[in-house]
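These are the residues of each chain, in order.
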Amino acid sequence: MNLTHLDENQRPKMVDVSDKEDTTRVAVASGIIQMSPDAYSAIVSEKTKKGPVLQTAVIAAIMGTKRTSDLIPMCHPLNLTGINCDVEEISELPGFKLIVTAKLTGQTGVEMEALTGVSVGLLTIYDMVKAIDKGMIIQNVQLESKSGGKSGDFKR
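Figured I'd write up the structure that's included with this text. These numbers were taken from a predicted model, which means no experiment stands behind them.

1. Here we look at the pattern of salt bridges
- According to the stated counting rule, one finds 3 salt bridges in the structure shown.
- Measuring nitrogen to oxygen at the nearest pair gives 2.5 Å for the salt bridge that ties R67 to D70.
- Measuring nitrogen to oxygen at the nearest pair gives 2.5 Å for the salt bridge that ties D127 to K130.
- Look at D127 and you get partly exposed, because its relative accessible area is 37%.
- Linked by salt bridges that have partners in common, K50, D127 and K130 make up one network.

Here it is as structure tokens:
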């Protein structure tokens, strides 16, 4: 299999997608942050010193999704048409699951954008409560599904 991010001289390049057809593309990614009961309780009760953790994480996830091409060298800047971030409380862990959905109509997929959004959102949670729990674990950042494009659909 030839890697598409290398040219004929094995130098890095960004893939040329100009000949690809515009299609509607949607990607959903998720990830989990596990923490101490004290950190979880502080977030749920909104008693952290840095403000509303989950609302801030949602905003950070959206911003991270939008800034993916600034962070991942070979990602194309995309004209995203929709971003959504959901947060699920997992009291038995304890922790939270972030789910980011990214959407556009364009020539390349949005998997990296959804994955980046999840990562940035989870890192924001970590940053905002690290004074309570430095041992938090970010785990299972993964693509859940994608649709559109030449490679077709994927569902975990």
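Structure's up, so let's keep going.
2. Description of helix α2 (residues 53-66)
- The end-to-end C-alpha distance of α2, which contains 14 residues, comes to 20 Å, matching closely the 20 Å that a straight helix rising 1.5 Å per residue would cover.
- Buried within α2 we find V53, L54, A57, A60, A61, G64 and T65. In an axial view of α2, the angular spread of the buried residues amounts to 135°, which keeps them on one side of the axis. Exposed and oriented more than 90 degrees from the buried face of α2 are I59 and K66.
- Check the buried side of α2 and you find it contacts α1 (37-44), α3 (68-71), β2 (82-90), β3 (95-106) and α4 (111-129).

Rules used throughout
Residues numbered from 1 in each chain as written. Predicted model: local features only at pLDDT ≥ 70, side-chain atom pairs only at ≥ 80, totals over all residues. Heavy atoms only, no water. Salt bridge = Lys/Arg side-chain N within 4 Å of Asp/Glu carboxyl O. Buried < 20%, exposed > 50% of the residue type's maximum accessible area, 1.4 Å probe, protein only. Helix = DSSP H or I, 4+ residues; strand = E, 2+ residues; numbered from the N terminus. Expected span 1.5 Å × (residues − 1). Arc of directions from axis to C-beta. Contact = heavy atoms within 4.5 Å.

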